[in-house]
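Read off the chains here:
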Amino acid sequence: VEYPDQVKPMHADPEHNICGQKHNPPNARCDATGGPSDLKDCFKWMWDMWREQKKWVQKKLTESTADWQIIATHFNCGHEAAWYKEMYQRFGLDLLITGHTHDQQVYHNSGLLGGLACFITGGGEGITSEADPSHPKSNQYGFFDLIINKTDIVLESVNYRGESLGKYRVQPKALAL
């Protein structure tokens, strides 16, 4: 679970704040399902959970014997880049699948992520796109096709018109010794 760019103190950025008063009912609470007890606790609760999840991911990557190490998360490829870079370089993360931004993007061998491949799945479910989707080769709506085998992953970005926007090959990251 990851919400950091929309988790802010209760009175900050009311339009983009999962812990804010504007879009939550008075006396909102989520403790019956394990969440924060009230809006005042929300910011701390979310960030504590994020820190716990980071430790959990590192532990799972360390313990895993799988051929591929893939993480899917909501926020885009640049979010927490230094941490994902470390997960790639030290713990063998092979591919990061993200969202948040409403267009399709590929970071192949990304310097931002220390060589980690990452893609942003793009807009879906009729969400407003980041730009006008009507131009040829638009990356505003579409999907990614992945072919996974033991030696590589081929990912292809396809727009809503069925046009290929690019194919990329990812190979497993050998664990750093």
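Heads up: the structure comes first, above all this text.
Residues numbered from 1 in each chain as written. Predicted model: local features only at pLDDT ≥ 70, side-chain atom pairs only at ≥ 80, totals over all residues. Heavy atoms only, no water.

Q: I'd love a proper account of the pattern of salt bridges, names of residues and values included.
A: Tallied over the entire structure, the rule returns 10 salt bridges. Across the pair Lys 22 and Glu 15 runs a salt bridge whose closest N-O atoms are separated by 2.2 Å. In this structure, the salt-bridge partner of Lys 54 is Glu 80, at a minimum N-O distance of 3.2 Å. On the criterion of sequence distance, the pair formed by Lys 54 in helix α1 (residues 39-63) and Glu 80 in the loop between β1 (70-72) and α2 (81-91) is long-range, its members being 26 residues apart. Looking at Glu 80, the relative accessible area reads 23%, which means it is partly exposed. (Salt bridge = Lys/Arg side-chain N within 4 Å of Asp/Glu carboxyl O. Helix = DSSP H or I, 4+ residues; strand = E, 2+ residues; numbered from the N terminus. Buried < 20%, exposed > 50% of the residue type's maximum accessible area, 1.4 Å probe, protein only.)

Q: Tell me about the packing of α1 against α2, residues and numbers included.
A: Relative orientation of the contacting elements α1 and α2 amounts to 15°, with a least axis distance of 10 Å. Comparing the axis directions of α1 and α2 gives the class roughly parallel. Considering how the two elements wind past one another, α1 and α2 form a crossing that is right-handed. In this structure, α1 contributes Trp 50, Lys 54, Val 57, Gln 58, Leu 61 and Thr 62 to the contact, and α2 contributes Trp 83, Tyr 84, Met 87 and Phe 91. (Axes fitted to C-alpha atoms, helices over the stretch in contact; angles between N-to-C directions. Parallel < 35°, antiparallel > 145°, perpendicular 65-115°, else oblique. Left-handed = near helix turned anticlockwise from the far one by under 90°. Contact = heavy atoms within 4.5 Å.)

Q: Summarise the nonpolar core; cite the residues concerned and give the values.
A: Membership of the largest hydrophobic core comes to 17 residues, with the highest contact counts inside it found for Tyr 84, Met 87, Leu 93, Leu 113 and Leu 116. Listed by contribution, the elements that provide at least two residues to this core are α1, α2 and β4 (117-120). Leaving out residues up to four positions away in the same chain, Leu 116 has contacts with Tyr 84, Tyr 88, Leu 93, Asp 94, Leu 95, Leu 96, Tyr 107, Asn 109 and Ser 110. Grouped together as the second largest cluster of nonpolar side chains are nine residues, Trp 68, Phe 119, Ile 153 and Leu 155 included. (Core = buried A, V, L, I, M, F, W, Y, C linked by side-chain atoms within 4.5 Å.)

Q: Which residues make up the pairing of strand β2 (residues 95-98), and what are the values?
A: The two faces of β2 match: Leu 95 and Ile 97 on one face and Leu 96 and Thr 98 on the other face are all buried. Between β1 and its parallel partner β2, the chain crosses via α2, and the hand of that crossover is right-handed. Bridge count for β2 against β4 is four bridges, and the pairing is parallel. Residue pairing in the sheet places Ile 97 in a bridge with Phe 119 of β4. (Right-handed = clockwise from strand over helix to strand, strands pointing away. Pairing = 2+ DSSP bridges.)

Q: An account of the packing of aromatic side chains is requested, with residue identities and associated values reported.
A: Centre-to-centre distance and the angle between the planes together describe a pair of aromatic rings. One pass over the full model with this rule turns up four aromatic pairs. Measuring from ring centre to ring centre gives 4.9 Å for Trp 83 and Tyr 84, while their planes differ by 70°; the resulting arrangement is edge-to-face. We note that Trp 83, like Tyr 84, is buried. Taken together, a centroid distance of 6.4 Å and an interplanar angle of 85° make the contact between Tyr 141 and Tyr 160 edge-to-face. Of this pair, Tyr 141 sits in the loop between β4 and β5 (142-148) while Tyr 160 sits in the loop between β6 (153-159) and β7 (164-170), placing them 19 residues apart in sequence. Classification of Tyr 141 by relative accessible area gives partly exposed; the value is 22%. Classification of Tyr 160 by relative accessible area gives partly exposed; the value is 42%. Members of the aromatic cluster, connected to one another through ring pairs, are Trp 50, Trp 83 and Tyr 84. (Phe/Tyr/Trp six-rings, centres within 6.5 Å; stacked < 30°, edge-to-face > 60°.)

Q: Explain the sheet that holds strand β3 (residues 105-107) to me, and be specific about the residues and the numbers.
A: Read across the open sheet, the four strands follow the order β1-β2-β4-β3; overall the sheet is mixed. Looking at strand neighbours, the two that pair on one side only are β1 and β3, the edges of this open sheet. Neighbour-to-neighbour, the strand axes of the sheet open up by a mean angle of 10°, direction not taken into account.

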